[in-house]
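Survey of secondary and tertiary structure
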Amino acid sequence: ACTGIENIDEAITLLEQNNWDLVAAINGVIPQENGILQSEYGGETLHGPTYGPTSHSTAASSTPSSSSAFRHVVPSRQIVERQPRMLDFRVEYRDRNVDVVLEDSSTVGDIKHILENELQIPASKMLLKGWKTGDVDDSTVLKTLHLPKNNSLYVLTPDLPPPSSSHSGALQESLNQNFMLIVTHREVQREYNLNFSGSSTIQEVKRNVYDLTSIPVRHQLWEGWPPSATDDSMTLAVSGLTFPCHRLTVGRRSSPVQTREQSEEQCTDVHMVSDSDGDDFEDATEFGVDDGEMFGVASSALRKSPMMPENAENEGDALLQFTAEFSSRYGDCHPVYFIGSLEAAFQEAFYGKARDRKLLAIYLHHDESVLTNVFCSQMLCAESIVSYLSQNFITWAWDMTKEANRARFLTMCTRHFGSVVAQTIRTQKTDQFPLFLIIMGKRSSNEVLNVIQGNTTVDELMMRLMAAMEIFSAQQQEDIKDEDEREARENVKREQDEAYRISLEADRAKREAQEREMAEQFRLEQIRKEQEEEREAIRLSLEQSLPPEPKEESTESVSKLRIRTPSGEFFERRFLASSKLQVVFDFVASKGYPWEEYKLLGTFPRRDVTQLDPNKSLLEVKLYPQETLFLEAKE
């Protein structure tokens, strides 16, 4: 509207050259001296400031425009040489991710050739899925698809058998994977995109399909299950389904009493409802009929299942149905709704590390509002909105159509946000729905930053989301700073605690070593005392067992022995010459010198008396009438 550029490729090139700065991109195209805005109403020329530092005014004639109320008159727009635009693709195949970077002048077939080298899979066997547009073949040029810079695709290989693994680790990984089942309801030609974990059973899938199609499990006629899926109790991980996406078809099993004509009539009626052409209503507004009034009845007739079951016991199951129904109505390009309770969404958005926290966006749906279809299809599913929400928000949804679900959400709202917010939502009229609540988590409470009603535009919605993000970013920086300071304090405290613990360990080890040393000394002292006591007892016993010392005037032959100790002392004693040598040994032992530890040596000639027979008499061993002996410790 400002620059007159209608070529999207040229516009994207300009924005990329200016690092996506809108004002800088416009200033680079509009000459600073030609800041002229022209109005088609009444031929009035509006002179306004340009996006540059200076502003000038000129006059221009009025030129009607059908695309914009105001159109900038650019005498000579600078010609921008188009640079090759690079596109990034992340392609997922089973448990692998391949990053591909190509120019937008490349084709889909070029991507397949690159993947053929990376995955070792023939390009003819690949089905490249995940495109946001319609039919795409190998010759399609990427530039014609108007893709964003970053894209996510996945590869299906239905003609190749799935890899088999006997390892329990691989089986556990398969159980933790999520399978996308694209289930086509044959009678009404409607597709449902259902997400199931690998641990879910085939029976659970069929029960969920019953909730969506009202076809009881016993009447369901399926096509597309792998040959290995023979038991309904089998989990999806081992059933042989194609990962990550598998197509199935379900229909109602024909009743035996149903006639051929009834079947044909039923099928014809169904196709008449599902194949209604939107072109018939193209000019409805010319006849004074509102879009919401016109499509209200038709859409309610086409939508067989509600967005959310009434009185659902599990919020996660309710959100699964909501996501599947939303995808079937408005396509796969929509916000990623958090599957779980509102409390779990709070935990995910607000209670992680400060750097990982996000805003919480709560989408409140209402099927009876005339704004719902336009808001969902044109605003909530806009690629820019979807991308911005996925990067900065945790998105949670709830259906307010049923009174029971409405009351349940108001109760949750009162508990988490207070009665004021609950009363604000309670007073909203049906035609003011859908609502978009922007929630920011704080330390003590959760604050509602904005309540966006359904009568808005994409630009206004984006602007309000960005405004909320600015407030959140400022708060997040403060939280990050506080968290970093708190972690620094905790780290210091942990280091101090660790140093104190190590010191205590060292002190305890030292104390234990001292206690062990003291215990060892005490033990040795006890042993020494016991040995001394034992030796003293032996000495006393020997001393008492010695025969009395004969007197000098004894008439019997007496031998006088003089014994020198190792310390140089002498002690003397008289013995009968007829006494045995053992008596001398006992005497020496009674003085503290047991013959097991000491030897008794004679002088002339030098001999070891302890080596003699202790049963011989002193006379026999020639220790008569007197002899000097000395004690020497044995080695």
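Residue indices follow the written sequence of each chain, beginning from 1 at its first position. Side-chain atom pairs in this predicted model are given and counted only at pLDDT of 80 or more, local residue features only at pLDDT of at least 70, and totals for whole chains, interfaces and linings cover all residues. With hydrogens and water set aside, each side-chain value is computed from the structure's full complement of heavy atoms.

The name that an unreviewed UniProt entry assigns to the protein chain is FAF1 factor, with the source organism given as Halcyon senegalensis.

Let us look at the overall build of the protein chain. Helix and strand content of the protein chain: 15 helices and 20 strands. Only protein chains enter the accessibility calculation, which uses a 1.4 Å probe; a residue is then buried when its area is under 20% of its type maximum, exposed when over 50%, and partly exposed in between. Relative to its full complement of 635 residues, the protein chain shows a buried share of 37%. Here, residues are in contact when the closest pair of their heavy atoms is within 4.5 Å. Of all intrachain contacts in the protein chain linking residues separated by at least 6 positions in sequence, the fraction that spans at least 24 positions is 64%. To be clear on the numbers: accessible area is Shrake-Rupley with a 1.4 Å probe, and residue cover counts the displayed protein chains and nothing else. Carbon and sulfur atoms make up 50% of the accessible area of the protein chain, which totals about 37200 Å². Strands are runs of DSSP state E lasting at least 2 residues, helices are runs of H or I lasting at least 4, and numbering of each runs from the N terminus.

Below, the discussion takes up the sheet that holds strand 4 (residues 86-93). Between any two strands, at least two bridges found by DSSP are needed for them to pair. On the basis of which strands lie adjacent, the open sheet formed by four strands has the order 5-4-7-6 and mixed pairing. The open sheet has two free edges, formed respectively by strand 5 (96-103) and strand 6 (127-129), since each of these has just one partner strand. Recorded for the sheet is a direction-independent mean angle of 30 degrees between the axes of neighbouring strands. All axes here are fitted lines through C-alpha atoms, helices being fitted over the stretch that makes contact, and every angle between N-to-C directions spans 0 to 180 degrees. Strands in contact with helix 3 (residues 108-119) are strand 4, strand 5, strand 6 and strand 7 (150-156); relative to strand 5, the strand with the most contacts, it is inclined by about 140 degrees.

Attention shifts here to the packing of helix 12 (residues 403-417) against helix 13 (residues 419-426). Between helix 12 and helix 13, whose axes approach to 7 Å, the crossing angle comes to 150 degrees. Considered as vectors, helix 12 and helix 13 are oriented roughly antiparallel to each other. For the pair helix 12 and helix 13, contact is made by R406, F409, L410, C413, T414 and F417 and by S419, V421, A422, I425 and R426, respectively. Amino acids are sorted into nonpolar (Ala, Val, Leu, Ile, Met, Phe, Trp, Tyr, Cys and Pro), charged (Asp, Glu, Lys and Arg) and polar (every other residue, Gly among them). For the contact of helix 12 with helix 13, a count of residues per class yields seven nonpolar, two polar and two charged. For classification purposes, angles smaller than 35 degrees are called roughly parallel, those larger than 145 roughly antiparallel, those between 65 and 115 roughly perpendicular, and all remaining angles oblique.

What follows is about the pairing of strand 16 (residues 558-564). Pairing of strand 16 with strand 17 (residues 570-576), which is carried by seven bridges, proceeds in the antiparallel orientation. Bridging across to strand 17, S559 finds its partner in F575. Joining the antiparallel neighbours strand 16 and strand 17 is a turn of five residues, in which G568 adopts a positive phi near 100 degrees. Strand direction decides the pairing type here: strand 16 and strand 20 (residues 626-633), joined by five bridges, are parallel. Within strand 20, the position partnered with R562 by the bridge is T628.

Let's shift gears to the sheet that holds strand 18 (residues 598-602). Two pairing modes exist for strands in a sheet, parallel and antiparallel, and in both the strands are linked by backbone hydrogen bonds. Pairing in this open sheet of five strands is mixed, and the strands run 17-16-20-18-19 from one edge to the other. Edge positions in the sheet fall to strand 17 and strand 19 (607-608), since each of these pairs with one other strand and no more. Bridge count for strand 18 against strand 20 is five bridges, and the pairing is antiparallel. Residue pairing for strand 20: Y598 is matched across the bridge by A633.

What follows covers the pattern of salt bridges. Salt bridges are defined as contacts in which a side-chain nitrogen from Lys or Arg sits within 4 Å of a carboxyl oxygen from Asp or Glu. Counting across every chain of the model gives 30 salt bridges. In this structure, E572 and R562 form a salt bridge, with 3.1 Å as the shortest nitrogen-oxygen distance. Within this pair, whereas E572 is found in strand 17, its partner R562 is found in strand 16, the two being separated by 10 residues in sequence. Residue R562 is classed as partly exposed on the basis of its relative accessible area, which comes to 32%.

So, on to helix 9 (residues 342-350). Here helix 9 has its buried residues at L342, A345, F346, A349 and F350. Down the axis of helix 9, the buried set is contained in an arc of 105 degrees. They therefore lie on one face. Among the structural elements, helix 8 (315-330), strand 12 (359-365), strand 13 (393-399), helix 12, strand 14 (435-441) and strand 15 (446-452) are those in contact with the buried residues of helix 9. Within this analysis, the arc is defined by the directions that extend from the helix axis to the C-beta atoms.

By the secondary structure assignment, N151 is in strand 7. Polar contact is defined as a pair of N or O atoms within 3.5 Å, subject to the rule that within protein one atom must be able to donate a hydrogen and the other to accept it, and that residues adjacent in sequence are counted only when both atoms are side-chain atoms. Only 2.8 Å separates the side chain of N151 from the backbone oxygen of P148, close enough to count as a polar contact. Setting aside its immediate chain neighbours within four residues, N151 contacts D88, F89 and R90.

By secondary structure assignment, the location of S200 is in the loop between strand 9 (190-197) and helix 5 (202-213). Beyond its immediate sequence surroundings of up to four residues, S200 is in contact with M234, T235 and L236.

With that settled, consider unusual backbone geometry. That bond from F243 to P244 is cis: its omega, 10 degrees, falls within 30 degrees of zero. Within the fold, P244 resides in the loop between strand 10 (220-223) and strand 11 (245-252). The step from F433 to P434 runs through a cis peptide bond, and the omega angle for that step is 0 degrees. As for its position among the elements, P434 is in the loop between helix 13 and strand 14. At N19, a position not held by glycine, the phi torsion is positive, near 55 degrees. Among the structural elements, N19 can be located in the loop between helix 1 (8-17) and helix 2 (22-29). On the basis of relative accessibility, which here comes to 67%, the residue N19 falls in the exposed class. Here S214, not a glycine, exhibits a phi torsion of approximately 65 degrees, which is positive. Relative to the helices and strands, S214 resides in the loop between helix 5 and strand 10. Owing to a relative accessible area of 40%, S214 belongs among the partly exposed residues under this scheme.

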